[in-house]
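The chain contents come next:
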Amino acid sequence: MELHTKIFKISPDNISDVIGECAEIIRRGGTVAIPTETVYGLGANALDPIAVKRIFYAKGRPADNPLIVHVASVEQLGHLVSEIPAQALSLMEVFWPGPLTLILKRTDVVPDITTGGLDTVAVRMPDNVIARELIRVSAKPLAAPSANISGRPSPTSAAHVLHDLEGRIDAVIDAGNTCIGVESTVIDMSGKKPAVLRPGYISAASIEDIIGEVEIGYNDHVTEEESVPRSPGMKYTHYSPSATVLLLEGSHDLVQDKIREMYNDFTYRGARVGLLVTSTGLLSLTNDMFYLGSKDEPEEVARNLFLGLRELDERGVNIILADGSFNHEGVGAAVMNRLRKASEMIIRL
Ligand code: AMP
Ligand code: MG
C-alpha cells in the first residue's frame, strides 16, 4: 500500500509543532524517519510489534536482523534491560548521548520482532535534540535502523531517505545533513568479555581507555550465510550502490596511479567509470568524480562517504573506483569497514 509521506522541514520556530505531530504518528504505530548525529534513522515504537513490522516492511530488511532501540533517558532504558553491568554504565556515562550502541540482556517488555528473537537488545541514546525530543514527547523508545532500503548506502540527508522510502513511510523530519555520516559503534556488553561488533565514530581504543581490553568481534567482510555471526547483520550485504565498487588500498601514490590506469582501461572497454577519491590530483580525468575529503581527515571522509556512493549512482556510472588510501585511524576504521563491505573486489597494492 502506498502511503503519503509527510515531509517536515525543521526551522527554529516549528520544532515543537513538528515533534508534537510526529509523536502522534509514533503513538499511533506509524513510522517517522528522524535525523540523528550518525545517519537518518527510521523510527517506530520499539514496544509495538506491528509498528516495528512496518520498519522491516518499508526497508525490506531481513526479519532476523535486530534493530537498535533509541532511548532519551536512563530511566526509560531501565524497562528494557534486565541488568546494566558496571562497565556498561561507565561507557554510558562517558559516551551517551552519542554514537555508541550497547548490547545488553533484555526484559520481556521488548518484543521478539525488535530483537530478532535474541535474548539481548541493542540500545543507544542519540546525540540529536530532535531525536531525543521525539522519544521524550511520544514517551516511546524508538526502534530505528538506518532509513534506507536494506543493502543500500545509509542516508545522510532527508533527500536520501525520500529517494529510498517515499510512499513507504509516514513521515520524515528534515533537519539537514547528519554530522558524523557513519553508523554507531556497536559493543556487546552482555557476555563475559566486551566485544566490538561494529566499528563506528567511537574507536575501540577510546573504549579501552575507559573499561580496559575489548575483543574485536567483527571483520570487514560479509560473513558466510550458513554461519552464525555474533551480530546477525554481519551476514548481509550493506551500504552498496547499484554500481560495482572496486576498492583500492595501499600507499596514497600507488593508489592514485592505479586508479588512473584502471580508469583508462575500463573506459576504453566502454564502461562508464566514477571515481570516489581523496586526492584532487585526479580532477582532470573525469567529471564523474566525487571528492570525499582530504586523506588526512577521516572525519571529513566519513561525512561524505554515503553521499558520494549515492551521487555517483545517480549519475549512472557502472563502476566506482574507490580510493582507500586515507588515514585508517579513529573513524577511518569505520569508513574502511563500510567501503570493504560495499565492494565487489578489494585491490591491495
Ligand atoms: P542498523 O540498525 O542497520 O544500524 O544495524 C544495527 C546492527 O546492530 C546490526 O548489525 C544488527 O545485527 C546489530 N544488532 C542489533 N541488535 C543486536 C543484538 N541484540 N545482538 C547483536 N547484534 C545486534
Ligand atoms: Mg543500516
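Refer to the structure printed above.
Below or above, wherever it landed, is the structure these notes cover. (Residues numbered from 1 in each chain as written. Chains lettered and ligands numbered in written order. Predicted model: local features only at pLDDT ≥ 70, side-chain atom pairs only at ≥ 80, totals over all residues. Heavy atoms only, no water.)

## Looking at the packing of helix α7 (residues 158-165) against helix α10 (residues 298-314)
Where we set the bar: Note on geometry: axes are lines fitted to C-alpha atoms, helical ones only across the stretch in contact, with angles between N-to-C directions running from 0 to 180 degrees. By the criteria applied, helices consist of DSSP H or I runs no shorter than four residues and strands consist of E runs no shorter than two, each listed in order from the N terminus. Relative orientations are named as follows: roughly parallel for angles under 35 degrees, roughly antiparallel for angles over 145 degrees, roughly perpendicular for angles from 65 to 115 degrees, and oblique for any other angle. Note on convention: near helix rotated counterclockwise from far helix by under a right angle means a left-handed crossing. Clockwise means right-handed. Contact between two residues is taken to exist if any of their heavy atoms lie within 4.5 Å; hydrogens are not considered. Under the scheme applied, nonpolar residues are Ala, Val, Leu, Ile, Met, Phe, Trp, Tyr, Cys and Pro; charged residues are Asp, Glu, Lys and Arg; polar residues are all the others, including Gly.
Contact geometry of α7 with α10 gives a least axis separation of 12 Å together with a crossing angle of 55 degrees. Classified by the angle their axes make, α7 and α10 are oblique. By crossing handedness, the relation of α7 to α10 is classed as left-handed. Within the contact between the two elements, α7 uses His160, His163 and Asp164 and α10 uses Leu307, Arg310 and Glu314. Counted by class, the contact of α7 with α10 contains one nonpolar, two polar and three charged residues.

## What about the pattern of salt bridges?
Between side chains of opposite charge, a pair can form as their charged atoms come close. Under the convention used in this document: Should a side-chain nitrogen of Lys or Arg be within 4 Å of a carboxyl oxygen of Asp or Glu, the pair is scored as a salt bridge. With a 1.4 Å probe rolled over the protein chains alone, any residue whose accessible area is under 20% of its type maximum counts as buried; one over 50% counts as exposed, and the rest are partly exposed.
Taken as a whole and judged by the stated rule, the model has 23 salt bridges. Asp313 is paired through a salt bridge with Arg152; the nearest N and O atoms lie 3.5 Å apart. Linking Asp313 in helix α10 with Arg152 in the loop between β7 (142-143) and α7, this pair joins segments that are 161 residues apart in sequence. Overall, the relative accessible area of 13% leaves Asp313 in the buried class. With its nearest N and O atoms 3.8 Å apart, the salt bridge here joins Asp288 to Arg315. A residue pair is termed long-range when its members are at least 10 positions apart, and Asp288 in the loop between β13 (273-277) and β14 (289-291) and Arg315 in the loop between α10 and β15 (319-323) qualify at 27 residues.

## Comments concerning the sheet that holds strand β10 (residues 195-198)
Here is the rule: Strands qualify as paired when DSSP identifies two bridges or more between them.
Within the open sheet, the 11 strands sit side by side as β1-β8-β2-β3-β7-β4-β6-β5-β9-β10-β11. Their pairing is mixed. Single-partner strands in this sheet number two, and they are β1 (6-9) and β11 (215-216). Of the pairings in the sheet, the one linking strand β5 (residues 100-105) to strand β9 (residues 185-188) comprises four bridges and is parallel in character. Within the sheet, the bridge partner assigned to Leu102 lies in β9 and is Ile187.

The values are spatial; any link to function lies outside them.
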